[in-house]
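Residue strings, one per chain:
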Amino acid sequence: MKDYIEERAVEIAVYIIKHNATVRQTAKKFGVSKSTVHKDVTERLIQINPALASKTRKVLDVNKSERHIRGGLATREKYLHKENE
């Protein structure tokens, strides 16, 4: 694996942990695709730093369990704005 990929995977993991960021937020911040973020933290990071991978996985699992709530709030916000126009 190339050095810059390893560095990116670690930087992404640290960002996710520090900010409790979602994959989508992280992808936007680093200018890469969601697929790249996901592959970095689920496959590559395990080989580079298993402890960091475990911490990152916990944050992503929490985000996954809450995503239906965030989606509902976004939809609610969307329709509240339409009513006020």
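Figured I'd write up the structure that's included with this text. Computed from a prediction, not measured in an experiment: that's the story for all the values here.

Side note on the overall build of the protein
Part 1: Along the protein, the regular secondary structure elements total 4 helices and 0 strands.
Part 2: Along its sequence from the N terminus, the protein presents helices and strands in the succession α-α-α-α.
Part 3: Each principal axis of the C-alpha atoms in the protein carries an extent, and together these give about 50 × 25 × 20 Å.
Part 4: Sorting the 85 residues of the protein into buried and exposed places 28% on the buried side.
Part 5: Excluding contacts between residues fewer than 6 apart, the proportion of contacts in the protein whose partners are at least 24 apart in sequence is 61%.
Part 6: Both charge centroids of the protein, one from 18 positive and one from 11 negative side chains, sit 3 Å from each other.

Calculation notes
Residues numbered from 1 in each chain as written. Predicted model: local features only at pLDDT ≥ 70, side-chain atom pairs only at ≥ 80, totals over all residues. Heavy atoms only, no water. Helix = DSSP H or I, 4+ residues; strand = E, 2+ residues; numbered from the N terminus. Buried < 20%, exposed > 50% of the residue type's maximum accessible area, 1.4 Å probe, protein only. Contact = heavy atoms within 4.5 Å. Lys, Arg positive; Asp, Glu negative; His and termini not counted. Charge placed at Lys NZ, Arg CZ, Asp CG, Glu CD.

Read these as spatial facts, not as claims about activity.
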